[in-house]
Each structure stands twice: as C-alpha cells, then as structure tokens.
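For reference, the chains in residue letters:
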Amino acid sequence: MSGLDMRSNEREWGARWEHAFEADPAEGKEKYYQTVAFPYPSGAMHVGHGRTYIVPDVVARYQRMRGKQVLFPMAFHVTGTPVIGISKRISNGDKKTIGLYRDLYRVPQDILDRFINPMEIVRYFSEEYRRVMQKCGLSIDWRRRFITVDPQYSKFIEWQYAHLQEEGHVVKGAHPVKYCPQCENPVGDHDLLEGDKAEIIRFTLVVFHLGDARIPCATLRPETVYGVTNLWVNPTVTYVRAMIDGEEWIVSKEAAGKLALQDHEVLTTEEVPGTELIDRAVSHPLCGEIPILPATFVDPDMGTGIVMSVPAHAPFDYIALRDLQQQGKYTAIRPVPLISVDGYGEIPAKDAVERAGIRDQNDPGMEALTQEIYSAEFSRGKVFEKYGGKPVKEARDDVAALMMERYGSIPMYEFDNRQVICRCGSRVFVKILHDQWFLEYSDPCWKEQVKTQLERMTLVPAEVRAEFNRTVDWLKDWACTRRVGLGTKLPWDPTWIIEPLSDSTIYMAYYTIAHHLKAIPPEKLTPEVFEYIFKGEGNPDTIDRETLDRIRSEFLYWYPYDYRFSAKDLISNHLTFQLYHHRAIFPQDLQPKGMVVFGMGLLNGAKMSSSKGNVFLLEDALEEFGADTVRMFLVGSAEPWQDFDWRNELVSSTKKQIERFWNTVAETKQADGASSIDVWLESRLQRRIENTTRALDSFQTRQALQEAFFGVEADLKWYRRRLPGDVSGGAVMQDLCRTWVRLLAPFIPFTCEALWAEIGGKGLVSFAPWPEVDEARVSQEVELAEEFLARTVEDIESIRKLIPIEPKSISLFVAPAWKHEAFRIIAASADKTRVVREIMQNEEMRKRGREATDAAKQITKLVLKLPPDLVKQLQESSLDEQAVLEGARQFLEREFGVPVTVQNAGESTHPKATAALPFKPAIVIE
C-alpha cells in the first residue's frame, strides 16, 4: 500500500461521487432532509464558508451511513442589490472593489471586464461556489441547484406572496426603514457593506424654546426631563436655523438632512455657529429655564446635534459638568435627582462615577458605566412621588406621550450603529416610507403561532431558544419590497420587487421539487399548480395530473425538513422569518422540525470579513493542505455553535494526524495472531462507537471527532504498549481498522474511500453501514483493570520524574479489603462532609480507630477527584487489584527496566504501605 496522496484521492473519489448523492424518494426507507443557508455568490468562498457547509456535510454523511435516505441540496441567492452595487462600482472604476476582485478573489481580467453586467458576477461565482464545494467533498444533490432569479423560482415566490396577501400578512403603510439615497431604495441587511446588524431606534425629541426658535434634543429617556439642568452644544460645530413643518428650529446640518427623510418639510434659512448658542437660556415647561453649556463631546451626527443634560442620572453629563466646575465655571448648577434605585445613592450618576474612579469624560470606562446606570434605573428604578411615583419603565412611556400631546415633542429615528453603508458605497439613513409593502410580523396572532412552533422544535444549542423568543417579541413590520434590484415582482403591484430576505423563507420546500420544475416552461407554473403540489388543492390544467402527482409525492416524501443549519447572526432575521412563513403557508404536519445555529469564524483571532480583506480563501486552504485536512480542522476546532479560529500552523498539524491514520491502517493490513490485550481493545472500540454515535446524534461534531480519531488513536497507543515485546499486533487490528475507517468517513471522506478500497470494503464507504456497538464485546471489568494499570503507570512515571536517583526496584502495595469497603460507603454517601461519621458507624471500622478516620479522609478526596462514572464502576466492581498488577508484572518490568513486586498493603510492615488506597496503590521506588 503506497503512501497517502491527498491530491490523487481527491481527484479519483471526487469523480466517483459525481452523481452518488442524488437522492430520490425510497419507499419504506426513513428520510433525512437537511438544509443550510444558501450562499450569495458575489465573491470567493473563504474558510468561514467552509465550516458553514462542511459541518452539515458531516451530518449528512453520517445519516446516510445510518441507512437513511438523505437529501442535502444547494442553491444560490442572488436577489437584491448586492451584485448590482458591485457591478456599478466596477463600472465606475472603483479601485478598492476592482482590487478586491482582481487581487484577492483572482478573477481573470477578461471575466472581470464583463462584471459590468451583474448577472456575469452571479454566473461566475455560482459556478465557482459549486466547484469549490465539490472540491471540499460536499455530498450535495446538485440536480436541485437553482438561483433565485430563475423564472420557475419566481413563479413559486409569486404563489407564496399571493397566499400571504390573501391571509392579511402583507400590508401597505408608512414605516421607518433603512434607506440608501444614492440607490433611492430601501435596503435590507443583505444590501449592506457595513452595519448589517444596525437596529432602528425611536427617539423622543424634547423641544426647548429659545425666543421664537425651537431647540429639540433627542432622548431615549424622556422621563428624565424633570432633571435637565442644561443643554450641551458643541462650540466647534456650525448649526442651522431651519423651517421644519413651518416652525423655526435650530439643529445640526446633519439632523436637518435626516429629518427631511422622516416625513418633515425642511427648509434651511441660515447657519448658526455653536459659539453663538453658548450661555444662552432656553426653557421647557417641565424643567424651567436652563442654560446652554459648551461640550466638544457632542456629535452633530447623533440625534439633533444638541443634547439635554441630566447630571443626576447620566454619567457623561455628570462628569462633563464636574469638569467644567473644576475650572471654576457654572458652579451654581446642581444635579436634580428624580429617580431612586436600589444600590445607588441620591444622585446615582455621581455615586457610580466616584465609585468607579472615573477621571474625566474621556475615560474609556464611561460607556459601560452609562449602560450600567441606564439598565439599573430602567429595570428597578422608580420616579420620585412629586414626578408621578411610577416605575421608570412605565413613566418613560407616560412622559413621552405627555410631551407629544402637550409640549410639541415628535419622534425621530436613528440607527444604534451610525456606520451603515450600502453596497453601492453610499451611507444609509432612516427614512419614513409611504405606500411601501410590509410583512406584518407585528401581528400578535402570527407571533403566537411562531412561538408555539418554536416550543415544538429541537434547537441546537438549547440556549438559542431564548434568542428566538426575544426576536419574535420585538420583531416589527418588515419592508418586504424594493424599487430596484434583482428578484421577483410583487404579483399584485409589479412596480415593486420582493427583497432578498423576504423571498428566501420557504425555499426549503422548493428544493424538494426544483429538479422537476426545470423541465417545465415557467408560464405553465400557475398559482394553481403550486397550490396542488404543496397543498393538494385545486385542479390545474396547465400540467398533466400524472406529472403533478409525481411532483407532489416527492414533496410529501421529504417535507418537513428535519434540520436547518445557519449562523447565529441570522436568528434576528432569516431564521425567524422562515418560521413565520412556514406557519402562514403550510399545515402543522409540514412545519420545520429543528435548527442548528452556528458560531462565527475568526482568522488568527480576528473576525473574518471579505470587505476588509481579512479572509483566507477556501480554495487556497484546499490547495495548501488538502480537502480532508481542511474538513478535519474545521470540524475539530470547535463545536458548530462555538466560534472557531483558523490558524495555518494548527492546520498543518492536522495534516500530520491524517497521515498517521493512513499509515496505521496500512501497517495493520497483514496483522494476524492474538494477544490477551485484544479483549480490551475490542471493548474500547465499542465505547468509541457508542460515544461517537451519541455525539453525532447531538450535532457535537467536534466531540464525535475527538472520540473517533483521537480516542481510537489513544487506545491503539496503549494497546501497542501492552503487547508482548515480540508482537506487533493481532488480527483484532484488522477489525478495528475496518471500523475506524467507517467512523472517520463522514469527517475525512476522500482518505476513507481510498482506505476502504485498499482493505477490501464493498462499494463506497460513503454508503457503508455505520458501525454498531456489539455488546458481546464489551467488558467493563477488563476496561477497569486496564484503567487501573494505566493510572498506576502514570503515577510511577510522575514519581520517577521527581526523584533524581536511578531506581533499582519498584514495590506496589494494593489497598486491603477494608479500605475498599470504606470506598463503597463514601462513594454512596450523599453528604461527603459527614462520611467519617458514617464510616465509624461500621463496627469493623470503629475497631481501627484513627487509622480508619485518616483513611476515610484520604478516600473522600480520591472519590471527589475521580470521574463520577469511574467511581460508580468501582462501587459496583470487585476488581482484584493485586491480580491485575501481578498479571502485568512483566509489562511493568519491561516499561521501567527494574524488578517489580506487588503486595497487599494489609500484609506488609513497610511504613509507606499504609498510603495505599483503592484504585491507587502505594508506590515505593528504591
């Protein structure tokens, strides 16, 4: 058998798998249908994408070997404006974009020249994705591939939206949305270069009066208006007077532009230097007359560019006022407290600032301190009686409503993250859109249906359930259409195009029939056709009934999907949206069963980002290390829901591990004969099968790999160590390797296919039966005996490292029977602090007096230190420790090169023999 040649294996087995994973319904065979978020092919895949698709592939391959009919499909999401934005930037000669595609993604110049057409980008990268995915060994049914602008898919989306409208889930209205002025279009998360997680926040504008002019301040805490002592204006900023809805306002230039997008008529009349406003007096009915003070920390691009100051309850305000007063300025101003909160003094901001030792307003701890105070006051604060006496969370809404009704306040919308950038390169703002179509995710009945479905689903890891429920709670109406971009036109209002996140909600159902629809002209795919396929209703006449029944039958075989794999950052949109849409479209028996939520990818400790160039391309990784190495590293570096960190030096060591595996299997091809230790190896193998299977059933792919690779490898190392000196391994090794290759086939399939062929396995290992535990080969006593021996060897090695002399002999003293009885009593005790009393209730132990109490203390420490499973085994076992060590004496003498004696500590007069404990003999090296 020749050495490992990864490149050759990839070529050979990749070719053999070309059509191997095309899955059709199989009568009487259990199905397993999994999907993963389809990619947006606007750039090359990086290793983060690799983990996204390789982990589900490991699961698909495992389920296939378990005898299930597995469907693992793939498609490409191209709806929206991302590729249009890329195309525009390339057309306009944008050097950064051109450099990204030419230098990082290595697009040939003749193809890059064609990227002025967005569909050329789609065509090129969707084919690149498929090629690289195949190179990774993904067991995908490629017959079902589609892109989201295929005319057949658009017909499917039209049917879906007609349903949603009929049921009242799509409504027209005015709502704040993310908006790109350059594209003249609302944008979704998929349309953004930066700020894709930015949320729209509703501020209340508290309107102060300066003569005939109004000065508005944006706040999230309107209830604190009673404690305003001053306003802050940045003296270095030039503000503007503007007629807003016919009234004179003073705001920053940036705020005037934002308000113009939010349903306000704005006409700028003149500029006002910030210095002109300093020391002027303004007033509000709820706090009286107050001065305007200077503060360079005020950002003209946040809110209105003018800030109201509540130094009793806002650490930034308190520290800024203190800084001025330490200069001898505005010393008459005092904080006005209005909220009491447990854990803080009368003036919470002062208390928190002084307790934290904050130096000045530039201290980096200020942000965290501000959040601490705001959270404490909101969750458990109460407004003073003279201001209403209500909890802050109630007073906030009450005061906001009062100011809207009587004191000229209005809402203003901002992002919680100001860096929100469209893929066209332009900044995104909040705009109030009229005549826009929205999915009414705020509908309480719809929300309740989704929550009910979540309760029925398996979510991995379990803790993401809270995040899903939180998303459903706060989810508001979603702008589901755009004026420009790729996609499906809204059936009843074709001037609008359905946006990307809204047309990718039930495509999992489309996968089940996509290969059938490719052969059908799109004009024949009427709403009635989809109604029949998915709901079994109606009598469509554009397609013959036999074809329709065959397509419907396939849909019903696969649906609902069993598991969906996707990233945790999609919980706040796609993963929750698809639950809404499934509830609206399909009956209960076709609702999703489960989801596995992934962590994020890091590169050398930093978050991967294509736009920032911090990526390692997947194809480069495959070329440098080989597909199986990449797969094994990505699966083994973290559990799916944990973040992983790609580091080239660690990947290199993974390649060496695969080489060790290859060489081990190659060496055992001719193994024969038998040895007494074979029974232990057979039993350990059953444990590895059991643990690997359990881990994969729980999607713990890293733990499964630990058991299937490193666990078996560790067992083999001990096995070889225990063999007699003239024996290299018995026939049991051949059986182990046939099992080992199958256990690792989901993880490193190219290598395992080649090895399976070499050792005479039938067919593809990808379809070989998954190993089953053979209970007849399990021997707890044999395993326990070897565990005892291995721990004893480890203890001897530790002692030898501590003593500088060359040993001449080793004496081992095993614990007498009474100590084993004490061990069982202590292990069974519920209260380990009272075990000495329990021990001394035993007449035999009482006779031993101090010796028994000292032993009880030592045994208690040992019980607490040992793994609980091992303690349980020892309780139930009658392991003859002396016989085990006597039987292994030749092994021990060969290991340490000196004579070894074994004695019962109870029969020895050696002073150190009394240290012997159950499962931990006393060791004397002389």
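Analysis parameters
Residues numbered from 1 in each chain as written. Predicted model: local features only at pLDDT ≥ 70, side-chain atom pairs only at ≥ 80, totals over all residues. Heavy atoms only, no water. Helix = DSSP H or I, 4+ residues; strand = E, 2+ residues; numbered from the N terminus. Buried < 20%, exposed > 50% of the residue type's maximum accessible area, 1.4 Å probe, protein only. Areas by Shrake-Rupley, 256 points an atom, 1.4 Å probe, with all protein chains shown as cover. Lys, Arg positive; Asp, Glu negative; His and termini not counted. Charge placed at Lys NZ, Arg CZ, Asp CG, Glu CD. Salt bridge = Lys/Arg side-chain N within 4 Å of Asp/Glu carboxyl O. Pairing = 2+ DSSP bridges. Contact = heavy atoms within 4.5 Å. Axes fitted to C-alpha atoms, helices over the stretch in contact; angles between N-to-C directions. Parallel < 35°, antiparallel > 145°, perpendicular 65-115°, else oblique. Nonpolar A, V, L, I, M, F, W, Y, C, P; charged D, E, K, R; others polar. Core = buried A, V, L, I, M, F, W, Y, C linked by side-chain atoms within 4.5 Å. Arc of directions from axis to C-beta. Phe/Tyr/Trp six-rings, centres within 6.5 Å; stacked < 30°, edge-to-face > 60°. Lys NZ or Arg CZ within 6 Å of the ring centre and 35° of its normal. Polar contact = N/O pair within 3.5 Å; in protein donor to acceptor, adjacent residues only side chain to side chain.

Participant: So what's going on with the overall build of the protein? Residues and values would help.
Facilitator: Of regular secondary structure, the protein possesses 35 helices and 31 strands. Projected onto its principal axes, the C-alpha coordinates of the protein cover approximately 105 × 80 × 50 Å. Expressed as a percentage of the 926 residues in the protein, the buried residues total 56%. Of the roughly 39000 Å² of accessible surface on the protein, a fraction of 48% belongs to carbon and sulfur atoms. Computed over 113 positive and 134 negative side-chain charges, the inter-centroid distance for the protein is 3 Å.

Participant: Report on the pattern of salt bridges, specifying residues and quantitative values.
Facilitator: Inspection of the entire model under this criterion finds 62 salt bridges. A salt bridge links Asp715 to Arg688, with the nearest nitrogen and oxygen atoms 2.9 Å apart. Here the residue Asp715 occupies a position in helix H25 (residues 701-722), and Arg688 occupies one in helix H24 (residues 678-697), the gap between them amounting to 27 residues. Neither residue differs from the other here; Asp715 and Arg688 are each classed as buried. With a closest N to O distance of 3.1 Å, Lys920 and Asp795 form a salt bridge. Of this pair, Lys920 sits in the loop between strand E30 (900-904) and strand E31 (922-925) while Asp795 sits in helix H28 (residues 780-802), and the two are 125 residues apart along the sequence. By sharing partners, the salt bridges in this structure join Glu22, Asp24, Asp141, Arg143, Arg144 and Glu554 into a single network.

Participant: Quick one: what's the story with the pairing of E31, residue by residue and with numbers?
Facilitator: Going residue by residue along E31, you find Ala922 and Val924 tucked away on one face and Ile923 and Ile925 tucked away on the opposite face as well. Inspection of the sheet shows strand E29 (residues 810-814) paired to E31 by four bridges, in the antiparallel sense. From the neighbouring strand, Phe813 faces E31, where its bridge partner is Ala922.

Participant: Talk me through the sheet that holds strand E3 (residues 170-180); I want residue IDs and the actual numbers.
Facilitator: Sheet architecture is open: four strands sit in the order E4-E3-E19-E21, paired in antiparallel fashion. Only two strands of the sheet have a single neighbouring strand rather than two, namely strand E4 (185-186) and strand E21 (478-479). For strand E19 (residues 429-439) and E21, the ladder comprises two bridges, and the chain directions are antiparallel. Of the residues in E21, the one forming a bridge with Phe438 is Ala479.

Participant: Help me get a handle on the pairing of strand E12 (residues 281-284), residues and values and all.
Facilitator: Of the two faces of E12, the one lined by Val282 and His284 is fully buried and the one lined by Ala281 and Ser283 carries no buried residue. Pairing analysis gives four bridges linking E12 to strand E13 (residues 288-294), with the strands arranged antiparallel. Looking at E13, one finds that Val282 is bridged to Ile290. Adjacent in sequence and paired antiparallel, E12 and E13 are bridged by three residues.

Participant: Lay out helix H27 (residues 749-758) with the relevant residues and their values.
Facilitator: H27 sits mainly inside the fold: eight of its ten residues count as buried. All buried positions along H27 are accounted for by Pro749, Phe750, Thr751, Cys752, Glu753, Ala754, Leu755 and Trp756. Structurally, H27 contributes buried residues whose contacts are with helix H1 (6-16), helix H2 (47-65), helix H6 (118-135), helix H22 (627-636), helix H23 (648-667) and helix H26 (732-744). Just past H27, the residue Gly760 takes up positive phi, approximately 85°.

Participant: Any chance you could break down the sheet that holds E31 for me, citing the residues and the numbers?
Facilitator: Taken in spatial order, the three strands line up as E30-E29-E31 in an open sheet, and their pairing is mixed. Bordering the open sheet on either side are E30 and E31, each of which pairs with just one other strand. Ignoring which end each strand starts from, the neighbouring axes of this sheet average 20° apart. Contacts between helix H35 (residues 889-896) and the sheet are confined to E29 and E30, with E30 contributing the most and set at about 135° to the helix.

Participant: Explain the packing of helix H10 (residues 315-326) against helix H12 (residues 366-380) to me, and be specific about the residues and the numbers.
Facilitator: The geometry of H10 relative to H12 is characterised by a closest axis approach of 9 Å and an angle of 125° between their N-to-C directions. Considered as vectors, H10 and H12 are oriented oblique to each other. Here Pro315, Phe316 and Ile319 of H10 come into contact with H12, specifically with Met366, Glu367, Leu369, Thr370 and Ile373. Of the residues assigned to the contact of H10 with H12, the class counts are six nonpolar, one polar and one charged.

Participant: Pulling in residues and values, what's your account of the nonpolar core?
Facilitator: Membership of the largest hydrophobic core comes to 153 residues, with the highest contact counts inside it found for Phe115, Trp646, Phe661 and Leu744. The element that contributes the greatest number of residues to this core is H2, accounting for nine residues. Not counting the four nearest positions on each side in its chain, Phe115 is found in contact with Ser87, Ile90, Tyr101, Val107, Glu120, Ile121, Tyr124 and Phe125. Counting 69 residues, the second-largest nonpolar core is a separate cluster that includes Ala23, Leu439, Phe530 and Ala584.

Participant: I'd like a description of the side chain of Glu223, backed by residues and values.
Facilitator: Note that Glu223 resides in the loop between strand E7 (213-219) and strand E8 (230-233). Here Glu223 falls in the buried class, since its relative accessible area comes to 1%. Setting aside anything within four residues of it in sequence, one finds Glu223 in contact with Leu338, Ile339, Val392, Ala395, Arg396 and Val399.

Participant: Go over the environment of Trp641 with me, naming the residues and quoting the values.
Facilitator: In this structure, Trp641 sits in the loop between H22 and strand E28 (644-646). Its relative accessible area of 21% is what places Trp641 among the partly exposed residues. In this structure the C-alpha to C-alpha distance between Trp641 and Gln700, which are 59 residues apart in sequence, comes to 9.2 Å.

Participant: Could you give an account of helix H33 (residues 868-876), naming the residues involved and the relevant values?
Facilitator: Looking at H33, one finds that the buried residues are Leu870, Val871 and Leu874. Angularly, the buried residues of H33 cover 100° about the axis, an arc narrow enough to put them on a single face. Along H33, exposed side chains directed more than 90 degrees from the buried face belong to Pro868, Asp869 and Glu876. Among the structural elements, H28, helix H29 (817-828) and helix H32 (850-865) are those in contact with the buried residues of H33.

Participant: Account for the packing of aromatic side chains, naming residues and giving values.
Facilitator: Going through the model one piece at a time under the given rule, you end up with 56 aromatic pairs. Between Phe21 and Phe767 the ring centres are 5.8 Å apart and the planes differ by 20°, which places this aromatic pair in the stacked class. Taken together, the positions of Phe21 in the loop between H1 and strand E1 (31-36) and Phe767 in the loop between H27 and H28 put the pair 746 residues apart, joining distant regions of the chain. Here the aromatic rings of Tyr559 and Phe586 are separated by 5.6 Å at their centres, their planes lie at 50°, and the arrangement is tilted. Here Phe586 lies in the loop between helix H20 (574-585) and strand E25 (594-598) and Tyr559 lies in the loop between helix H19 (545-558) and strand E24 (563-567), a separation of 27 residues in the sequence. Across the pair, Phe586 and Tyr559 agree in class, each one buried. It is Arg61 that lies over the ring of Trp17; its NZ or CZ is 4.5 Å from the centre. The aromatic ring of Trp496 is capped on one face by Arg483, whose charged end is 3.6 Å from the ring centroid.

Participant: Can you explain the environment of Ser798? Please cite residues and give values.
Facilitator: Mapped onto the secondary structure, Ser798 falls in helix H28. With relative accessibility at 38%, the residue Ser798 sits in the partly exposed group.

Participant: Help me get a handle on the side chain of Thr692, residues and values and all.
Facilitator: Within the secondary structure, Thr692 sits in helix H24. Residue Thr692 is classed as buried on the basis of its relative accessible area of 0%. Among the polar contacts listed, one links the side chain of Thr692 to the backbone oxygen of Arg688, at a separation of 2.7 Å. For Thr692, the residues in contact, after removing those within four places along its chain, are Ala704, Glu707, Ala708, Leu743 and Trp770.

Participant: How would you sum up the packing of helix H7 (residues 151-166) against H20? Please name residues and give values.
Facilitator: Axis separation between H7 and H20 bottoms out at 10 Å; the angle between their running directions is 75°. Looking at the two axes, H7 sits roughly perpendicular to H20. Residues Trp159, Gln160, Tyr161, His163 and Leu164 of H7 form the contact with H20, whose own contacting residues are His581, Ala584 and Ile585. Looking at the contact of H7 with H20 residue by residue, the classes come out as five nonpolar, three polar and no charged.

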